[in-house]
Amino acid sequence: MISLRGSLLLVAALALLTPALSEEVKPDFAVATKSVDASVLLDPQLKADPALAADCLAEGKTWAEKYRADADRERKQSPDMFRDGAWTVERKYDLRSVVKEHYVSVVRTDYTNTGGVHPNSDVDTILWDKTAAKRISIRPFFTETADDGPTMKALRQAVVAALKTEKLKRDIPEAPGDDWFKVIEPKLTKIGAVTLAPSTEPGKSSGLTFHYPPDAIGPHAEGDYVGFVPWEKLKPYLTPEGAAIFGGARPRNDED
């Protein structure tokens, strides 16, 4: 039997847990029709920068509306494809890092379930210049970023090595004939979606992280991958601005 005091404590504990369990994350934009349930969610931390939040939300709305149009058209042409329900699509924008209170890295993740064999996901990234209030690339941090140039070749070599290590951590040995790394090219637009990794040194970045969705560099069952390149390997190729933003080490919890 539970005593009166024990019952009261149990009720109090449940009362504390109930809001957390019942609270749902509300999307920042949503579309719900017979054809599609689409939602866009922004990390609350991104809303501290109104220009960045507005940029992400505008992009997300366009993406969701395109899926609505595609789903409506598909439903008219093939209604049987929707007998189990509407398509479900979700886009999330998550804060990755803020460096020097100037550069914000965002990871954009898409989930789509359009009635195929399995749901799909995709990942891309945004590097935001808070001062200029616009998206930028990593070009300003390197002395040159020409296709097949010394910087991109060094980056590709470091990324592939990091991903091989990640595969070994998952007990996925390198097999003869493996060519997954061929999709990673020494070109800024072909090497992978990149972010500035957080650092143990406040205001700095510990290096670059490259993000790959399922199916990009291995079978779907392997899931997504993140390859980390420490800033020390970038030193020979950095501009003064690049040298100023890097330092410290990758936090232990970021490796997880």
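Source: prediction; values computed, not measured.

**With respect to the packing of aromatic side chains**
A complete count under the given rule lists five aromatic pairs for this structure. Summarising the aromatic geometry, the rings of Tyr-67 and Trp-87 are spaced 6.4 Å apart at their centres and angled 75 degrees between planes, so their arrangement reads as edge-to-face. With Tyr-67 in helix H2 (residues 50-77) and Trp-87 in strand E3 (residues 87-99), this residue pair connects regions lying 20 residues apart in the sequence. Exposure remark for Trp-87: the relative accessible area of 11% places this residue in the buried category. For the ring pair Phe-82 and Trp-87, a centre distance of 5.7 Å and an interplane angle of 20 degrees mean the geometry is stacked.

**A few points about the environment of Pro-240**
Along the chain, the position of Pro-240 falls in helix H4 (residues 240-245). Through-space distance from the C-alpha of Pro-240 to that of Asp-178 is 38 Å; in sequence the pair is 62 residues apart.

**A word on the pairing of strand E7 (residues 193-197)**
Extensive coverage of E7 is indicated by the burial of five of its five residues. Note that E7 and strand E8 (residues 207-212) share five bridges and pair antiparallel. The partner of Ala-193 across the bridge, within E8, is His-211.

**Some remarks on the sheet that holds E8**
In space, the three strands of this open sheet follow the order E7-E8-E9, with antiparallel pairing throughout. Both edges of this open sheet fall to E7 and strand E9 (225-230), since each of them pairs with a single strand only. Taking the axes of each pair of neighbouring strands and ignoring which way they run, one obtains an average angle of 25 degrees across the sheet. Sheet analysis places E8 next to E9, joined by six bridges and oriented antiparallel. The residue bridging His-211 from the neighbouring strand is Val-226, located in E9. In this fold helix H3 (residues 150-169) packs onto E8 and E9, with an angle of close to 130 degrees to the strand it touches most, E9.

**Comments concerning the sheet that holds strand E5 (residues 120-129)**
Read from one edge to the other, the open sheet built from six strands follows the order E1-E2-E3-E4-E5-E6, with strand pairing classed as mixed. Here the strands that pair on one side only, and so sit at the sheet edges, are strand E1 (29-32) and strand E6 (134-136). Put simply, the sheet's adjacent strands are angled 25 degrees from each other on average, direction ignored. Relative to strand E4 (residues 103-113), E3 runs antiparallel, the two being bridged by eleven bridges. Note that in E4 the partner of Lys-92 across the bridge is Thr-109. Packed on one face of the sheet, H2 meets E1, strand E2 (36-42), E3, E4, E5 and E6 and runs near 160 degrees to E3.

**As for H3**
For H3, which comprises 20 residues, the first-to-last C-alpha distance of 29 Å matches the rise-based estimate of 28 Å (1.5 Å per residue) to within 8%. Listed as buried for H3 are Thr-151, Met-152, Leu-155, Ala-158, Val-159, Val-160, Ala-162, Leu-163, Glu-166 and Lys-167.

**What to know about the pattern of salt bridges**
One pass over the full model with this rule turns up 18 salt bridges. For the salt bridge of Arg-135 with Asp-55, the shortest nitrogen-to-oxygen distance reads 2.7 Å. Of this pair, Arg-135 sits in strand E6 while Asp-55 sits in helix H2, placing them 80 residues apart in sequence. Under the relative-accessibility criterion, Asp-55 is labelled partly exposed at 26%. Put simply, Glu-185 and Lys-187 hold a salt bridge, and the shortest N to O gap is 3.4 Å. Residue Glu-185 is classed as partly exposed on the basis of its relative accessible area, which comes to 27%. Salt bridges here are not isolated pairs; linked through shared partners, they connect Asp-55, Glu-59, Arg-91, Arg-108, Asp-110, Asp-124 and Arg-135.

**Some points on the nonpolar core**
With 29 residues, the main nonpolar core has Ile-138, Leu-155, Ile-184, Leu-196, Leu-208 and Phe-210 as its most contacted residues. Listing elements by their share of this core, those giving two or more residues are H3, E7, E8 and E9. Per-element tally for this core: the top contributor is H3, with six residues. In this structure Ile-184 touches Arg-156, Val-159, Val-160, Leu-163, Lys-190, Ile-191, Tyr-212 and Ile-217, once residues within four positions along its chain are discounted. Leu-46, Ala-64, Ala-71 and Val-89 belong to the second-largest nonpolar core, a separate cluster that totals 21 residues.

Reading guide: rules and limits
- Residues numbered from 1 in each chain as written.
- Predicted model: local features only at pLDDT ≥ 70, side-chain atom pairs only at ≥ 80, totals over all residues.
- Heavy atoms only, no water.
- Phe/Tyr/Trp six-rings, centres within 6.5 Å; stacked < 30°, edge-to-face > 60°.
- Helix = DSSP H or I, 4+ residues; strand = E, 2+ residues; numbered from the N terminus.
- Buried < 20%, exposed > 50% of the residue type's maximum accessible area, 1.4 Å probe, protein only.
- Pairing = 2+ DSSP bridges.
- Axes fitted to C-alpha atoms, helices over the stretch in contact; angles between N-to-C directions.
- Contact = heavy atoms within 4.5 Å.
- Expected span 1.5 Å × (residues − 1).
- Salt bridge = Lys/Arg side-chain N within 4 Å of Asp/Glu carboxyl O.
- Core = buried A, V, L, I, M, F, W, Y, C linked by side-chain atoms within 4.5 Å.

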